[in-house]
Amino acid sequence: MATAIASLVLSTGITSAVLQVLLDRIANFTQTKITQFSQLHVEFLKLGATMFKAKALVDDVENKKCFPEACRILLEDVKSVVLDADDLLDEIDMDLEKRNSTDFNENQVSQMFLSSRRFNIPSELSKIHKELGGLVEKLESYCMINSGQPQMAAPVIPSTSLVDESSIIARGPDKEKIIQRVLSDQGEGNVSVIPIVGMGGIGKTAVAQLVYNDPDVVKNFDFKIWVSVSLSYDVVKITKSIFYSLTEQVSGLSELKGAFELSDLSKYFELSLNEIHIQLQKKLRGKKFLLVLDDMWNENPRDWDVLKLPFQVAAQGSKIVMTTRSEIASSILSGAPACHLDTLSHNDCWTIIKQTAGLSDAHEKELIGLKIAKKCKGLPLVAKVIGSVLRYKSGVRKWDALLKCELWESPEHGNHIYPALKLSYDNLSSYLRRCFTYCSIFPRDHEFEKDDLVQLWAAEGFIQAQGREEIEDIGREYFGGLCSRSFFQVSDDDQPRYKMHDLIHDLARLVSANISFSMEDNISTFLPIPRHARYSSLLCQDIKPSTLEVFHRYEKLRTFMLLSEHASNLYQVPYDFFIKLGRLRVLNLSHSGISDLPDSIKNLIHLRYLNLSHTSIKRLPKCIVDIYGLETLKLKNCCELLQLPDNLKNLIKLRHLDFDGYRLISSMPIEVGKLTSLETLPAFIVGKHKGYQIGELKNMRFLRGSICITNLENVASFVEGEAAMLHEKQYLEKLELEWNEMGAQTVEQEVLTSLKPHVGLRELRVTGYCGLIFPNWIADSSFCKLERIDIDKCHFCTFLPSLGQLPALKYLLIQDMRALENVDHLLCGSAGSFPSLETLTFRDMPKLKIWSGINENDMPHLRVLSIDSCPELVTLPSTHYLRSLEMLEINRCPELQSLPREGLPFSLTCLIILESDILKERCEVQGADWDKIKSVPNIMIDDEVIPMEGRQN
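Residues numbered from 1 in each chain as written. Predicted model: local features only at pLDDT ≥ 70, side-chain atom pairs only at ≥ 80, totals over all residues. Heavy atoms only, no water.

For the rest of this paragraph, the subject is the overall build of the protein. Secondary structure summary: the protein contains 29 helices and 29 strands in total. Out of the 953 residues in the protein, the part that is buried amounts to 53%. Of the contacts made within the protein by residues no fewer than 6 positions apart, 67% connect residues no fewer than 24 positions apart. For the protein, the exposed area adds up to about 41,800 Å²; of that, 49% sits on carbon and sulfur atoms. (Helix = DSSP H or I, 4+ residues; strand = E, 2+ residues; numbered from the N terminus. Buried < 20%, exposed > 50% of the residue type's maximum accessible area, 1.4 Å probe, protein only. Contact = heavy atoms within 4.5 Å. Areas by Shrake-Rupley, 256 points an atom, 1.4 Å probe, with all protein chains shown as cover.)

Looking now at helix α11 (residues 273-284). Along an α-helix, a turn takes 3.6 residues, which lines up residues three or four apart on a common side. Between its first and last C-alpha atoms α11 spans 16 Å; for 12 residues at 1.5 Å apiece the expected length is 16 Å, and the two agree. All buried positions along α11 are accounted for by Ile276, His277, Leu280 and Leu284. For α11, the arc enclosing every buried residue in end-on projection is 100°, short of the 170-degree limit, so these residues lie on one face. Along α11, exposed side chains directed more than 90 degrees from the buried face belong to Asn274 and Lys282. Backbone geometry just downstream of α11 places Gly286 in the positive-phi region, at approximately 75°. (Expected span 1.5 Å × (residues − 1). Arc of directions from axis to C-beta.)

The strands making up a sheet are joined through hydrogen bonds of the backbone, oriented either antiparallel or parallel. The five strands lie next to each other as β2-β3-β4-β1-β5, forming an open sheet whose pairing is parallel. Of all the strands in the sheet, the pair left with one neighbour each is β2 (223-230) and β5 (339-340). Pairing geometry for strand β3 (residues 289-296) and strand β4 (residues 318-324), over five bridges, is parallel. Within β4, the position partnered with Met296 by the bridge is Thr324. Running at roughly 170° to strand β1 (residues 191-197), helix α7 (residues 172-183) makes contact with β1, β3, β4 and β5 of the sheet. Contacting β1, β2, β3 and β4, helix α8 (residues 204-213) runs over the sheet at an angle of about 170° to β2. (Pairing = 2+ DSSP bridges. Axes fitted to C-alpha atoms, helices over the stretch in contact; angles between N-to-C directions.)

Our next topic: the packing of aromatic side chains. Aromatic ring pairs: the centre-centre distance and the angle between the two ring planes describe each pair. Scanning the entire structure with this criterion turns up 24 aromatic pairs. Seen in terms of ring centroids, Trp350 and Trp399 are 6.1 Å apart; in terms of plane orientation they differ by 80°. Their pairing is edge-to-face. Taken together, the positions of Trp350 in helix α14 (residues 346-357) and Trp399 in helix α17 (residues 396-404) put the pair 49 residues apart, joining distant regions of the chain. Under the relative-accessibility criterion, Trp350 is labelled buried at 2%. Their ring planes at 55° and their centres at 4.9 Å tell us that Phe517 and Tyr554 sit as a pair that is tilted. Note that Phe517 is positioned in strand β8 (residues 516-520) and Tyr554 in the loop between α23 (545-549) and β11 (559-562), a separation of 37 residues in sequence. (Phe/Tyr/Trp six-rings, centres within 6.5 Å; stacked < 30°, edge-to-face > 60°.)

The subject of this paragraph is the nonpolar core. Judged by nonpolar contacts, the single largest core of 133 residues is most densely connected at Leu681 and Leu803. In contact with Leu803, not counting residues within four places along its chain, are Ile778, Ala779, Ile789, Ile791, Leu809, Leu812, Leu827 and Phe834. With 116 residues, the next largest nonpolar core counts Ala54, Ile202, Val207 and Met500 among its residues. (Core = buried A, V, L, I, M, F, W, Y, C linked by side-chain atoms within 4.5 Å.)

Summarising the element assignment, Ser486 is placed in the loop between α21 (471-484) and β6 (489-492). One polar contact links the side chain of Ser486 to the main-chain carbonyl oxygen of Arg325, over a distance of 3.5 Å. Every residue in contact with Ser486, bar those within four places of it in the chain, is listed here: Gly198, Met199, Arg325 and Ile504. (Polar contact = N/O pair within 3.5 Å; in protein donor to acceptor, adjacent residues only side chain to side chain.)

Below, the discussion takes up the pairing of strand β21 (residues 811-815). Burial of β21 is extensive: four of the five residues sit out of reach of the surface. Bridge analysis of strand β20 (residues 788-792) against β21 gives five bridges, and the strand direction is parallel. Among the inter-strand pairings, Ile791 is bridged to a residue of β21, identified as Ile814. With five bridges joining them, β21 and strand β23 (residues 839-843) adopt parallel strand pairing. Counted as the bridge partner of Tyr811 is Thr839 from β23.

What follows deals with the environment of Leu423. Relative to the assigned elements, Leu423 resides in helix α18 (residues 411-426). Note: C-alpha distance between Leu423 and Leu231 (192 residues apart in sequence) is 8.4 Å. With residues up to four places along the chain from it excluded, the contact list for Leu423 reads Leu231, Trp297 and Arg325.

The next thing to look at is a negative patch on the surface. On the surface, a cluster of negative charge is contributed by Asp917, Glu921, Glu924 and Glu944. Inspection of the secondary structure assignment puts Glu924 in the loop between α28 (917-922) and α29 (930-933). According to the relative accessible area criterion, Glu924 is partly exposed, its value standing at 41%. (Patch = residues over 30% accessible without salt bridge, like charges linked within 9 Å, V, L, I, M, F, W, Y side chains within 5 Å. Salt bridge = Lys/Arg side-chain N within 4 Å of Asp/Glu carboxyl O. Lys, Arg positive; Asp, Glu negative; His and termini not counted. Charge placed at Lys NZ, Arg CZ, Asp CG, Glu CD.)

Further remarks concern unusual backbone geometry. The phi dihedral of His591 is positive, around 65°, even though this residue is not glycine. Relative to the helices and strands, His591 resides in the loop between β12 (586-588) and β13 (609-611). Residue His591 is classed as partly exposed on the basis of its relative accessible area, which comes to 23%. If you check the backbone angles, Lys793 has positive phi at about 60° while not being a glycine. Locating Lys793 in the fold gives a position in the loop between β20 and β21. Residue classification places Lys793 among the partly exposed positions, given a relative accessible area of 37%.

Before going further, it helps to spend a moment on the sheet that holds β20. Pairing is mixed across the open sheet formed by 12 strands, whose spatial order is β16-β17-β18-β19-β20-β21-β23-β25-β26-β27-β28-β29. If you trace the sheet from one side to the other, it starts and ends with β16 (683-685) and β29 (944-946), each paired once. The sheet shows a mean angle of 10° between the axes of neighbouring strands, direction not considered. Summarising the sheet, strand β19 (residues 763-767) and β20 pair through five bridges and their orientation is parallel. Paired with Glu763 across the bridge in β20 is Arg788.

Following the sequence through the fold, Glu902 ends up in the loop between β26 (887-891) and β27 (910-914). Taking the C-alpha atoms as reference points, Glu902 and Ser878, 24 residues apart in sequence, are found 6.6 Å from one another. There is a polar contact of 3.1 Å between the side chain of Glu902 and the side chain of Ser878.

With that settled, consider a nonpolar patch on the surface. Together, Leu772, Ile773, Phe799 and Leu826 line one region of the surface with nonpolar side chains, adding up to about 360 Å² of accessible area. By secondary structure assignment, the location of Leu826 is in helix α27 (residues 825-828). Here Leu826 falls in the partly exposed class, since its relative accessible area comes to 38%.

As enumerated under the stated definition, the model contains 55 salt bridges in all. The salt bridge involving Asp86 is made with Arg25; its shortest N-O contact spans 2.8 Å. Of the two residues, Asp86 is situated in helix α4 (residues 69-100) and Arg25 in helix α2 (residues 14-33); the sequence distance between them amounts to 61 residues. Linking Asp87 and Arg583 is a salt bridge whose minimum nitrogen-to-oxygen distance equals 3.0 Å. In this pair, Asp87 is assigned in helix α4 and Arg583 in the loop between α24 (575-580) and β12, connecting sequence segments 496 residues apart. Take Asp87: its relative accessible area is 3%, and that puts it in the buried class.

Taken over all residues, the pLDDT of the protein has a mean of 86, while the share at 70 or more is 89%. Within the model, the stretch residues 253-265 combines pLDDT values under 50 with nine contacts to residues more than four positions away or in other chains. (pLDDT = per-residue confidence, 0-100.)

Written out as structure tokens, the structure is:
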């Protein structure tokens, strides 16, 4: 392995992070959990002291960045012992909590705890302490021997403002977009900041250089200053560099006029920050300047506040252009949107390769060259490195060898590319490093969801508690931190999913090479599998029970993830699999063909996360409820699962019970309300008897996301419904209330009244409600975040509530209301109704005859109006007030007599009329309503498009 690549694998900082987590855990143990166990307490104190010493030594070694192979092995051994200790603590912790949750007194718990262990706890702790102590002694020896040796760090070459414009490809549009902002006099105060954001190697500095040297930019400013900031942010040095540059420029101007003698600038570097600030302010007062801060990493707003103090006196239109990999740094320096650089095309990368390699005529290598260019993944840095290598490789065979190898396998590539990318990793906090490296077990281009990844991090114990803040809320902040630093990228805007850029993914695998591995078809996809491996994944199309046996040798694994979506030929998990891998915390068997699990799963006492989604699982083993620490249970698209485990209530740590086959499940498990930590519960099936009633939801105050409460006909009264305490579920965003059988109308009205949710709700769906009227709360303007309402199959309601008073409502669906005959001004309520509504749909309304009551200033943002299957509808309201309406769709309304008398709004761009014969006839050319529609750009009547040509005649 190349030296630079090897150093990436070695200097990861993970051992230090693992030590810190365990130190915090030991401190918590000794202070709160084992005070009644004197011998145990002493052993923990000794172990904590040794770990504290180990962390200091590990920090010293890892900070050196470059150390020998023997030391690397030593660090790996330390990490392994610490993780072993963590597993032991985890087992002790869960056993204590489980026993403390019983009705026994403290002495009984102590006796039961110590006598029930399958090993002697003090002895096990002493063994780990002894093993760690020996490793600490070896580390001390290494540190003493190397104490006098200076730390060798790769020099960081600062950027300059000079640029060879011919070498920068495909950045013209980015340059022009930024120049437009640079030359604009609009901005925040006298000085505005323009951030250029992107991952390492994408070309941020090059674009800034192009902007800095543009002739229009040059003549627009009194002064231009370029400062290369890099990782070592020093506000004093930066300020002095700015001042030095300004002084040189002032000197140059004065010399041209023949009235200035160059002074000794070195004296300024002896001045304090206060003195430099004063001098700098004098030079900038009333002057228009452009400052480029290249390669900004600092995310401390106070440092920026200090740096910008002298700039406030500059002239209007002064600009600061900042390049950074961090969205956080960008947002601190500027409230304006950042300029994000996209990756280049394969053709552009090939152009850079040819240019760098000096290939003036490469037609015969065009095909293989474009394939090689794809390895760049759109990064100009990589294209330049590959081009410089190909300059000395003229033979096609050598090009073909380069195409077939991974970039990290080639020292010429890896020594330049990955160290540049690793700067971003080195700048992460220790807890973010662990979270990022964990992602190495995903295959390339793997898409993941934020909440699912956060649940995995939580299961592995990567998220550090902060006061009373929920663990997964902290985890979402971690995720945002990695996104803002370009480690994750959005892959689908409609349904947010994320992935890693291929080279970032390679970096993750490099820095986690000693602890993680991924296997494809029984072959490790990266470096040799390490003996200390803890995290693994399997991507294999032909998985058999014997395939899983390969993993038995890695008995300390904490994560096993089956990531193939075509593993349906894996019908069973061998009994021994869970015996051999007893330390698993994450188990993902999704998309396999398994129909049941062996009872040996009870051996997974550390298990926190179990994903059986998209499987043929028919039942869960009864013993699964004894896995006390289980936090996440995923059962989505398990079409053959007909019931949940009876004693699910025992899993009191369960936070996520994610299933979507609730229409197949006849009832909830008894007393599911004891799962008070639940955050995810997609559905609750209401039963009639105690332990199954809606009141089980009462204490689930952490529920978030969406929930469908179905079989509401089993709720017998207002009091029973109110017991669910929905108004206290402040984290719920979507609520579905569903009746499946007709009950007494007065009871249903009482029940719906009792089910008032929290005012923070965003979506509401009411289905099958048989009351005559809706409760007042459904139209209460205090629901200031409610964006969507669906009212469906409410067959006996004759009036709609005044939903127009909901300030944030964007989408409204009224469907299958068989008794509704008239929609009038009551729907809108007072003037200026539906201020945010964008889409309105009436569908399947068999008795609706008249719709009226739209006035000026109502529905100012309505874009889509759809009226479908209203066979008795005769009239429409005045729609010309709907000044934002773009699409009007009228389907299966055979009795509709005409379009509104006042005509249609000028904003309308699309009109669709289907199976509405009277209206069809009136809208034909020269028909009674033709003049109302002829200017609409897109018209379709009964699947026939009416062309624009000839309409005016």
